[in-house]
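# Structure assessment
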Amino acid sequence: MGNASPPRVNINFTLHNHGFEVYREACLDPLLSRFQQQFPPDSAVDWNILETSPLVRDEATSGLFYDYAAKNLGEGCYPTHAIIYNRNLTDQPIGLHQADLIEATALPDGPTITTPLGRIEPFSVAKQPVRISLPDLPADLKQAEVRIRLLLAGSPVHEQTISLRTRTPAQAHKRTFISAIDGSVQYEALLPASDPAVAAPGVVLALHGASVEGIGHVEAYAAKPDLHILGPTNRRPFGFDWEEWGRLDALEILGRALADPALKIDPTRVYLTGHSMGGHGTWHLGGLEPGRWAAVAPSAGWISFATYSARITQPQPALAEVSGVAGIIRRAGATSETLSMVRNLRDVGVFIVHGDADDNVPASEARAMAEQLGAFHSDWKMHLQPGAGHWWD
């Protein structure tokens, strides 16, 4: 037994992170939190000055802020969350020893953060939240490298180096967090407002389409001077059609942004938009949560699974009138029936956008919603782009 080989454990690293993308001003929020803890609001120290001082903002942009922040927070000034997939291919559990660890080291000589390895059952997979920290990075650096090592009982059994892109604060980037919904690591995509002189920017919650990543969707936007562009993930590129878990994900990310003092969002200027599946999500979240939005703008959005997948265009009987297996199927998909929620938007501005030659989501979806809005709504508009398909500029 003394010569038994170590368990075979494999690491796959997914890019659910943002610290490697936001390498400027990354310490601002934790620094403010530290000052809050050390100096309560009623103390003589006005830590809020960091939020408004042009000097601090300039130093953060120039890189001088790192020295100041490091003195208060130490070398782990730029931690972020990432996910590691661990596969235990043995018939014994691992992660039971206090020296079963995951090390993450910024290369070539950056700090190392150690995370305890959680229990992984035999022949199973576990998603492990891991903390990673980067030192100050050169402004022209395009990628940062991090070495991930898995240690069992203190001995290395696997090592992998990953390369991740770096981003400036003005660029679209990911921000990771531990979700309050289920404790998992998630990310939000953010393209900040481009004019720092705007005291209280609005925010656009932008819902991506099927097979599209949240960060990819946000990167398709040009920066707006007075609007942050915020992209949730729907938990997956296809996700949940922005229903159920997808809806919760979107609302959690919006809530985080509204509570973030660094973003300074005007709560009266919160807008909702999305394309394709995200257009359906716009109808869905807009109808279920109408009090949150100043306006909604579905683009190429479909109404329901029935109208989009089955191309059912005739009016359907009320849900209560459908019985048997048909009723079960209908009730299972009832959350997608956004026509039943459209009157909730009576006090919300609506702008419908669709290509009139869309061969994926037919323009009849937009026209049907417009017909419903026209019966009661006073603040809506529809734009059908002549000759445009599903994707167009």
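Here is a short report on the structure shown in this document. (Residues numbered from 1 in each chain as written. Predicted model: local features only at pLDDT ≥ 70, side-chain atom pairs only at ≥ 80, totals over all residues. Heavy atoms only, no water.)

## A look at the overall build of the protein chain
Summing up its helical and strand segments, the protein chain has 10 helices and 15 strands in all. A total of 393 residues make up the protein chain; the buried ones form 46% of that total. A separation threshold of at least 6 residues defines the contact pool for the protein chain, and within that pool the share at least 24 residues apart is 71%. In the structure as shown, the protein chain presents an accessible area of about 19000 Å², 54% of it carried by carbon and sulfur atoms. (Helix = DSSP H or I, 4+ residues; strand = E, 2+ residues; numbered from the N terminus. Buried < 20%, exposed > 50% of the residue type's maximum accessible area, 1.4 Å probe, protein only. Contact = heavy atoms within 4.5 Å. Areas by Shrake-Rupley, 256 points an atom, 1.4 Å probe, with all protein chains shown as cover.)

## With respect to the packing of aromatic side chains
Under the definition given, this model contains two aromatic pairs. Judged by centre distance (5.3 Å) and plane angle (35 degrees), the ring pair of Trp302 and Phe305 falls under tilted. Ring plane angle 15 degrees and centroid distance 5.1 Å describe the contact between Trp302 and Tyr308, whose orientation is recorded as stacked. In textbook terms, an aromatic cluster arises when at least three aromatic residues are bridged by ring pairs, as seen for Trp302, Phe305 and Tyr308. The cationic tip of Lys174 hangs over the ring face of Tyr187; the distance from NZ or CZ to the ring centre is 4.6 Å. (Phe/Tyr/Trp six-rings, centres within 6.5 Å; stacked < 30°, edge-to-face > 60°. Lys NZ or Arg CZ within 6 Å of the ring centre and 35° of its normal.)

## Regarding the pairing of strand 8 (residues 173-178)
When you tally the buried positions in strand 8, you get five out of six residues, the bulk of the element. The pairing of strand 8 with strand 9 (residues 185-191) spans six bridges and is antiparallel. Paired with His173 across the bridge in strand 9 is Leu190. Counted between consecutive antiparallel strands, the loop separating strand 8 from strand 9 contains six residues, among which Gly183 sits at a positive phi close to 75 degrees. (Pairing = 2+ DSSP bridges.)

## A short note on the sheet that holds strand 6 (residues 143-152)
Here four strands make up an open sheet; going across it, the order is 4-3-6-7 and the pairing antiparallel. The two strands at the open ends of the sheet, each matched to only one other strand, are strand 4 (112-116) and strand 7 (155-165). Geometrically, the sheet is characterised by an average inter-axis angle of 20 degrees between neighbouring strands, direction not taken into account. In the sheet, strand 3 (residues 101-106) pairs with strand 6 via six bridges, with the strands oriented antiparallel. Residue pairing in the sheet places Ala104 in a bridge with Ile148 of strand 6. (Axes fitted to C-alpha atoms, helices over the stretch in contact; angles between N-to-C directions.)

## Structural notes on the environment of Asp359
Relative to the helices and strands, Asp359 is located in the loop between strand 14 (349-355) and helix 10 (364-374). Between the C-alpha atom of Asp359 and that of His390, which follows or precedes it by 31 residues, the distance is 6.7 Å.

## Some details on the sheet that holds strand 13 (residues 295-299)
Ordered by their spatial adjacency, eight strands build an open sheet running 8-9-11-10-12-13-14-15, and the pairing between neighbours is mixed. Every interior strand has two partners, whereas the edge strands, strand 8 and strand 15 (380-385), have only one. Ignoring strand direction, the axes of neighbouring strands in this sheet form an average angle of 20 degrees. In the sheet, strand 10 (residues 202-207) pairs with strand 12 (residues 270-275) via five bridges, with the strands oriented parallel. Residue pairing for strand 12: Ala206 is matched across the bridge by Thr273.

## Thoughts on helix 10
Those residues of helix 10 that sit buried are Glu365, Ala366, Met369, Ala370 and Leu373. For helix 10, the angular spread of buried residues about the axis comes to 130 degrees, placing them on one side. Buried residues along helix 10 sit against helix 7 (277-288), helix 8 (305-308), strand 14 and strand 15. (Arc of directions from axis to C-beta.)

## Considering the side chain of Ser179
You can see Ser179 is positioned in the loop between strand 8 and strand 9. A polar contact is formed between the side chain of Ser179 and the side chain of Arg235, at a distance of 3.1 Å. If sequence neighbours within four positions are ignored, Ser179 has contacts with Ser184, Gln186, Arg235 and Glu252. (Polar contact = N/O pair within 3.5 Å; in protein donor to acceptor, adjacent residues only side chain to side chain.)

## What about the environment of Thr282?
By secondary structure assignment, the location of Thr282 is in helix 7. For Thr282, a relative accessible area of 0% translates into the label buried. Considered as a pair, Thr282 and Ala297 are 15 residues apart in the sequence and their alpha carbons are 7.1 Å apart. Those residues within four positions of Thr282 in sequence are excluded, and the remaining contacts are Leu207, Leu272, Thr273, Gly274, Gly287, Val296, Ala297 and Pro298. Within the local environment of Thr282, its side chain forms a polar contact with the backbone nitrogen of Gly274, the two atoms lying 3.1 Å apart.

## So, the pairing of strand 12
Burial analysis of strand 12 places five of its six residues in the buried class, the great majority of the element. Where strand 12 and strand 13 come together, five bridges link them in parallel fashion. If you follow Thr273 over to strand 13, its bridge partner there is Ala297.

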